[in-house]
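Structural overview for review
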Amino acid sequence: FEQATPPAALHAEMDLTFRVVRDLFSAEVDEFVVDRREVYDKCVADVEALVPSLRERVKLHEGRPPIFEAFGIEKEIEKALRRRVWLKSGGYIVIDHTEALVSIDVNTGKYVGKRDFEQTVLKINLESVGEIVRQIRLRDLGGIIIIDFIDMEVPEHREQVEQALKRALSGDKARTNVLEISELGLVEMTRKRVRQDLRALLTAPCP
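The structure reproduced in this document is the subject of the present report. Quick caveat: nothing in here was measured; it's all calculated off a predicted structure.

**Some words on unusual backbone geometry**
Cis geometry is adopted by the peptide bond preceding Pro 7, which originates at Pro 6 and carries an omega value of -5 degrees. Within the fold, Pro 7 resides in the segment before helix H1 (16-23). Unlike most non-glycine residues, Asp 140 shows phi in positive territory, near 55 degrees. You can see Asp 140 is positioned in the loop between helix H5 (117-139) and strand S6 (143-148).

Given below as structure tokens:
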């Protein structure tokens, strides 16, 4: 401050590799793969300074195919921009953006279950929780989010789904607030918006 001649930057945020190591690289990450030697060397130095115990998880990707192709990243990005996401059971979720909020709708789809419809509904709702939270984090959705689970007649089932959602969100670094699930299966939640979501970053409305 004393030596700078105004206007001057007194502090600047660190570069991307340092921020990734500081904010995202944790024991939950199995591998941190980098495809350029100079960036790899810098990442290793940052990891040794901040989380030395994870040093062995930093890997250098060399040769063909390119890193995005080798790890199927392009396909994952394309899937993360789709409106409909299928679940393993044959059910699916639909993600819609409006001016005010994001709505996520859970549907039975191809899955009709065995005899007990309530158990079928519970199974799909519980399965959808993991995928919903994954998509929220993957797409970096923020603001008001409304989740429309399939209607559940049994109060205990609603409680199970609500607790499963809260557990799944507990590992999210963004601050979230989840309200009680309604009798209609609606959950209102908020998630702190840190930056633009994936759709806004990678796409533009067709004129």
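Next comes the rest of the write-up.
**Some details on the pairing of S6**
Bridge analysis of strand S5 (residues 101-107) against S6 gives 5 bridges, and the strand direction is parallel. Within the sheet, the bridge partner assigned to Asp 105 lies in S6 and is Asp 148. With 6 bridges joining them, S6 and strand S8 (residues 186-191) adopt antiparallel strand pairing. What sits directly across from Ile 147, in S8, is Val 187.

**A short note on the sheet that holds S5**
What the 6 strands build is an open sheet, ordered S3-S4-S5-S6-S8-S7; its pairing is mixed. The sheet is open, and its two borders are formed by strand S3 (84-86) and strand S7 (176-178), each paired with just one other strand. Between one strand axis and the next, the sheet turns through 20 degrees on average, direction left out of account. In the sheet, S7 pairs with S8 via 3 bridges, with the strands oriented antiparallel. Note on S8: the bridge partner recorded for Val 178 is Met 189. Strands in contact with H5 are S3, strand S4 (92-97), S5, S6 and S8; relative to S5, the strand with the most contacts, it is inclined by about 150 degrees. Along the sheet face, helix H6 (residues 155-169) touches S6, S7 and S8 and points at about 175 degrees away from the line of S7.

**Section: the packing of aromatic side chains**
Given two aromatic rings, their pairing is described by the distance between the two centres and the angle made by the two planes. Using the criterion set out here, one finds 2 aromatic pairs in the structure. Across from the ring centre of Tyr 92, 4.1 Å away, lies the NZ or CZ of Arg 84, which sits over that ring.

**Examining the packing of H5 against H6**
Pairs of packed helices are described in terms of their axes, by the angle between the two and the distance that separates them. Between H5 and H6, the least distance of the axes is 9 Å, while the angle of their chain directions is 15 degrees. Relative to H6, the element H5 is oriented roughly parallel. Here the hand of the crossing between H5 and H6 comes out right-handed. Residues Glu 118, Gln 119, Leu 122, Asn 125, Leu 126, Val 129 and Val 133 of H5 form the contact with H6, whose own contacting residues are His 157, Gln 160, Val 161, Ala 164, Leu 165, Ala 168 and Leu 169. Among the residues making up the contact of H5 with H6, the classes are represented as 9 nonpolar, 4 polar and 1 charged.

**Re the layout of surface pockets**
There is about 2,200 Å³ of room inside the largest pocket. The set of elements that each furnish at least two residues to the lining of the largest pocket consists of H1, strand S1 (32-34), helix H2 (37-50), helix H3 (67-70), helix H4 (73-80), H5 and helix H7 (198-202). With 5 residues, the single largest contributor to the lining of the largest pocket is H1. Among the residues forming the lining of the largest pocket, the class breakdown is 22 nonpolar, 3 polar and 18 charged. Approximately 220 Å³ is the volume attributed to the second largest pocket. Around the second largest pocket, the lining residues are His 97, Thr 98, Glu 99, Ala 100, Leu 101, Val 102, Gly 142, Gly 143, Ile 144, Arg 193, Asp 197 and Arg 199. Elements that contribute at least two residues to the lining of the second largest pocket include exactly S5 and S6. Within the lining of the second largest pocket, the residues separate by chemical class into 4 nonpolar, 4 polar and 4 charged.

What counts, and at which threshold
Once a new chain begins, its residue numbering starts again from 1 and follows that chain's sequence as written. At least 70 in pLDDT is required for a residue's local features to be given in this predicted model, at least 80 for side-chain atom pairs to be given and counted, and no such filter applies to totals for whole chains, interfaces and linings, which use all residues. Excluding hydrogens and water, the side-chain figures rest on all heavy atoms present in the structure. Starting at the N terminus, helices and strands are each numbered in turn, a helix being any DSSP run of H or I of at least four residues and a strand any DSSP run of E of at least two. Pairs of strands are assigned from DSSP output, requiring at least two bridges between the strands. Only C-alpha atoms enter the line fits that serve as axes; for helices the fit covers just the stretch in contact. Angles between N-to-C directions range over 0 to 180 degrees. Two residues form a contact once any of their heavy atoms are found within 4.5 Å. For this analysis, a ring pair means two rings from Phe, Tyr or Trp (six-membered ring only for Trp) whose centres lie within 6.5 Å, classed as stacked if their planes differ by under 30 degrees, edge-to-face if by over 60, and tilted for the remaining angles. Each ring is checked for a lysine NZ or an arginine CZ that lies within 6 Å of its centre and within 35 degrees of its normal; such an atom marks a charge sitting over the ring. For classification purposes, an angle smaller than 35 degrees is called roughly parallel, one larger than 145 roughly antiparallel, one from 65 to 115 roughly perpendicular, and anything else oblique. Left-handed describes a crossing in which the near helix is turned anticlockwise from the far one by less than a right angle; the clockwise case is right-handed. For this scheme, ten residues count as nonpolar: Ala, Val, Leu, Ile, Met, Phe, Trp, Tyr, Cys and Pro. Four count as charged, namely Asp, Glu, Lys and Arg, and the remainder, Gly too, count as polar. In this analysis, the protein atoms alone were mapped onto a 1 Å grid. Cavities are point sets where a 1.4 Å probe fits without being able to get out; pockets are open sets with protein on both sides within 12 Å along at least five of seven lines; lining residues have an atom within 4 Å of a point. Grid points are joined across faces, edges and corners, and a volume is the space filled by probe spheres set on the points.

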